[in-house]
Amino acid sequence: MLYSCGPGKTVSTAKPLYEILLVKDDGGASIRFFEILSETQEIKMLQNDEELHGKISSSDLNESNFVILNMGEKETLGYTIEVKKVVETPDKIIITVEDHQPKQPATPDKDVYYYPHTIVKVNSKKTIVIE
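This section reports on the structure supplied with the text. (Residues numbered from 1 in each chain as written. Predicted model: local features only at pLDDT ≥ 70, side-chain atom pairs only at ≥ 80, totals over all residues. Heavy atoms only, no water.)

1. A word on the overall build of the protein chain
Thought 1: Per the secondary structure count, the protein chain includes two helices and seven strands.
Thought 2: Each helix and strand of the protein chain, placed in order from N terminus to C terminus, yields the pattern β-β-α-α-β-β-β-β-β.
Thought 3: Burial status across the protein chain gives 32% buried among its 131 residues.
Thought 4: Within the protein chain, counting contacts between residues at least 6 apart in sequence, those at least 24 apart form 77% of the total.
Thought 5: Carbon and sulfur atoms provide 50% of the accessible area of the protein chain, an area that totals close to 8,800 Å². (Helix = DSSP H or I, 4+ residues; strand = E, 2+ residues; numbered from the N terminus. Buried < 20%, exposed > 50% of the residue type's maximum accessible area, 1.4 Å probe, protein only. Contact = heavy atoms within 4.5 Å. Areas by Shrake-Rupley, 256 points an atom, 1.4 Å probe, with all protein chains shown as cover.)

Put into structure tokens, the structure is as follows:
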């Protein structure tokens, strides 16, 4: 029998460029806007959210940025904002988003509104551009 000591397989533990942490059809803001959170205090605010608990580690405070994509006020459920692609260039991250409407819009309830939003974690501290 012959045994040898040598390098074994190396398993890469590289993080993906981005992760979708939350997609909801309600609970966002009443106006359409995109917000990039890069400061430690801003990110800590997300850590306190019940639905994001356990999805944001302490190392993310220094290694990641977060993006909140708000669609604004909608009269029915079924609207979403989707991340179509994320591209990393030498100096920035470019996020392309797309709005989706319900396939068959429901009849709006009187005085009931919904606020769809998506939260994205970007595993980089580069500048983020949203298209």
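2. Observations concerning the sheet that holds strand E2 (residues 33-37)
Thought 1: Ordered in space as E1-E6-E3-E2, the four strands form an open sheet in which the pairing is antiparallel. With partners counted over all chains shown, the strands left at the sheet margins are strand E1 (18-24) and E2, one partner each. Ignoring strand direction, the axes of neighbouring strands in this sheet form an average angle of 15°.
Thought 2: Relative to strand E3 (residues 65-70), E2 runs antiparallel, the two being bridged by five bridges. Bridge assignment links Leu37 to a residue of E3, and that residue is Phe66.
Thought 3: Helix H1 (residues 40-47) contacts E2, E3 and strand E6 (117-122) of the sheet and is inclined by roughly 110° relative to E2. (Pairing = 2+ DSSP bridges. Axes fitted to C-alpha atoms, helices over the stretch in contact; angles between N-to-C directions.)

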